[in-house]
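# Descriptive analysis of the structure
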Amino acid sequence: MKIASSKSNQLDSYQAKVVASTASGFGLENMDVMFLSFALSSIIADLHLSGTQAGLISTITNIGMLLGGIFFGILADKIGRVKTFSHTIFIFAFATAAMYFANNLTMVYLCRFIAGIGAGGEYGIGMTVLAESFSKEKLGRVSSWVGMAGQVGAIFAALLAALILPKFGWHALFLFGIIPVVITFFARRHLRESKTFTNSSKKTKGNIKQLFATPKIAYQTLALMVMAIVQIAGYFGLMNWLPTIMQKQLNLTVGSSTWMIATILGMCAGMLTFGWILDNLGPRLAFGIFLTASAIGVYVLTLPSNVWSLIVVGAIVGYFSNGMFAGYGAIVSRLYPTEVRATANNVIMNVGRCIGGFSSLAIGYLLDNYNIMTVMMFISTLYIISLLVMLTIGNLKAANYKNI
């Protein structure tokens, strides 16, 4: 396989195809996830759901992601990344489109669980394909490009929701989930297994025990899980609750579309910055800066006195809180060998998704029983915990990371 020089910003033709397929897959996966966010109020009204029943939809999706991440991560390490990547896209695409026929809560739960299985497998495999197609000196920046595609997917979901929901209802919106199937044909035709994968040991491929093979590796795996949990908890906690917090506690009102555009722009800029720092200065400095800024930044959210200052502050918080997201795929791909790379990516990030997703519930409880400052202290403490844990992972030292 031809690999471009790390000193060049040019991609060869195959690398461009890898970026196109993984970015499209990740973007369309996020579009699928966001469909539920935009359609949830309509689903609640149509099916007469309680808050608990509605909340379980996301929980069941996250459980599906965890199970799918484990299964497809192992499968990708055993039989190949490209073939498995195609399977995961097929599953979450058709399960999303099947929501068109979901006329009761049981069908909704089943469709979202199956969609979660597919989506949970796709992330880690895509990141693994990237890692095996680019030199390690460029992986942070390339991962950032793919992470930005996820935000583009959120924008597409918002646009489609605005066009489809008022006229055709929530069932029709989910039909657009079939779009990712196109990516499978592109991937099967244009991507191939890397020499790194085909030359790896067949005996140890996809062995989840390797993530805990020694005390040092086990600690590294668990520490990265903690960091992933905090990443997801902070993101969903802030993005799901922040507009409500501002409206109820600070008497500020900002349109959801305006808020989303501002935060997405901030997130994309943060990802680009993080990727550059990761590749050039190492993971400890990159995560150290962004985790510290996130811990402090949540308190800044209490300062806005008008809508415009709120939008600016929201973009800044988005810059730091989600700028780190794509970096996890880069560091996990570096820290674990080829034989378990997809397994490690999927297990670590989907544990984060499954557990971190409960942050919305925790923040709701804190808002009901305490005040806005308690919520900010809770989120800030999470980022500080992640920072302290990150500093204990020996392989994230710049010198160690560079030589992996």
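In case you missed it, the structure is sitting above this.
These notes cover the structure that comes with them. Remember, predicted model here, so these are calculated numbers, not experimental data. (Residues numbered from 1 in each chain as written. Predicted model: local features only at pLDDT ≥ 70, side-chain atom pairs only at ≥ 80, totals over all residues. Heavy atoms only, no water.)

## Let's talk about the overall build of the chain
Inclusion rule: Only DSSP runs of H or I reaching four residues or more are called helices, and only runs of E reaching two or more are called strands; each is numbered from the N terminus. Just to be clear, the radius of gyration here is over C-alpha atoms, and the globule rule we use is 2.2 Å times residues to the power 0.38. A 1.4 Å probe and the Shrake-Rupley method give the accessible areas. Residues count as covered only by the protein chains that appear here. Two residue types count as positive, namely Lys and Arg, and two as negative, namely Asp and Glu; His and chain ends fall outside the count. By convention, charge coordinates are those of NZ in Lys, CZ in Arg, CG in Asp, or CD in Glu.
In terms of regular secondary structure, the chain is built from 17 helices and 0 strands. For a compact globule of 404 residues, the expected C-alpha radius of gyration is about 22 Å, and the chain comes in at 20 Å, within 12% of that figure. Projected onto its principal axes, the C-alpha coordinates of the chain cover approximately 60 × 45 × 40 Å. Accessible area of the chain: about 16700 Å², with a carbon and sulfur share of 67%. A gap of 8 Å separates the mean positions of the 27 positive and 12 negative side-chain charges of the chain.

## Here's the deal with the packing of helix H1 (residues 13–47) against helix H4 (residues 105–131)
The test is simple: In this analysis, axes come from line fits to C-alpha atoms, helices being fitted only over the stretch in contact, and the angle between any two N-to-C directions falls in the range 0 to 180 degrees. Roughly parallel covers angles under 35 degrees, roughly antiparallel covers those over 145, roughly perpendicular covers 65 to 115, and oblique covers all other angles. Helix crossings fall into two classes, left-handed where the near helix is turned counterclockwise from the far one by less than a right angle and right-handed where it is turned clockwise. Working rule for contacts: check all heavy atoms of both residues, and any pair within 4.5 Å makes them a contact.
Across the interface, H1 lies against H4 with an axial gap of 10 Å and an inter-helix angle of 160°. Taken as axis vectors, H1 and H4 run roughly antiparallel relative to one another. Relative to H4, H1 is oriented so that their crossing is left-handed. Facing H1, whose interface residues are Val-18, Val-19, Thr-22, Gly-25, Phe-26, Glu-29, Asp-32, Val-33, Leu-36 and Leu-47, H4 presents Leu-105, Val-108, Arg-112, Ala-119, Glu-122, Tyr-123, Gly-126, Val-129 and Leu-130.

## Re a nonpolar patch on the surface
Quick note on the threshold: Each patch is assembled from residues with relative accessible area greater than 30% and no salt bridge, linking like charges that lie within 9 Å and nonpolar side chains (Val, Leu, Ile, Met, Phe, Trp, Tyr) that lie within 5 Å. The salt bridge criterion pairs a side-chain nitrogen of Lys or Arg with a carboxyl oxygen of Asp or Glu, the two atoms within 4 Å. Buried, partly exposed and exposed residues are distinguished by accessible area as a fraction of the type maximum, computed with a 1.4 Å probe on protein chains only: under 20%, between the cut-offs, and over 50%, respectively.
Nonpolar side chains collect at one region of the surface, where Val-152, Ile-155, Phe-156 and Leu-159 lie side by side and expose about 350 Å² of accessible area between them. Take Val-152: it is sitting in helix H5 (residues 139–168). The exposure class assigned to Val-152 is partly exposed, which follows from its relative accessible area of 40%.

## Comments concerning the pattern of salt bridges
Going through the model one piece at a time under the given rule, you end up with 6 salt bridges. Salt-bridge contacts for Asp-32 lead to Arg-112; the nearest nitrogen and oxygen are separated by 3.6 Å. Residue Asp-32 is found in helix H1, and its partner Arg-112 is found in helix H4; the two are separated by 80 residues along the sequence. In this structure Arg-112 comes out as buried when scored by relative accessible area, which is 1%. Across the pair Arg-81 and Asp-77 runs a salt bridge, and its minimum N-O distance is 2.7 Å. Looking at Arg-81, the relative accessible area reads 1%, which means it is buried. The buried category is assigned to Asp-77, whose relative accessible area is 0%. One network of salt bridges, in which partners are shared, links Asp-77, Arg-81, Glu-132 and Arg-341.

## Quick word on the nonpolar core
Going by this rule: Only buried Ala, Val, Leu, Ile, Met, Phe, Trp, Tyr and Cys residues count toward a nonpolar core, and they belong to the same one when joined by side-chain atoms within 4.5 Å. Note that the domain bounds were set by an automatic or database domain assignment.
In terms of nonpolar packing, the biggest core is built from 113 residues, with Ile-43, Leu-130, Trp-170, Leu-224, Phe-287, Tyr-336 and Tyr-383 touching the most fellow members. Sorting elements by how many residues they give to this core places H1 first, with 13 residues. Both domains that meet at this core, namely domain 1 (16–192) and domain 2 (207–403), each give it at least three residues. The contact partners of Phe-287, leaving out residues within four places of it in the chain, are Met-227, Phe-274, Thr-292, Met-324, Gly-327, Tyr-328, Ile-331 and Met-390.

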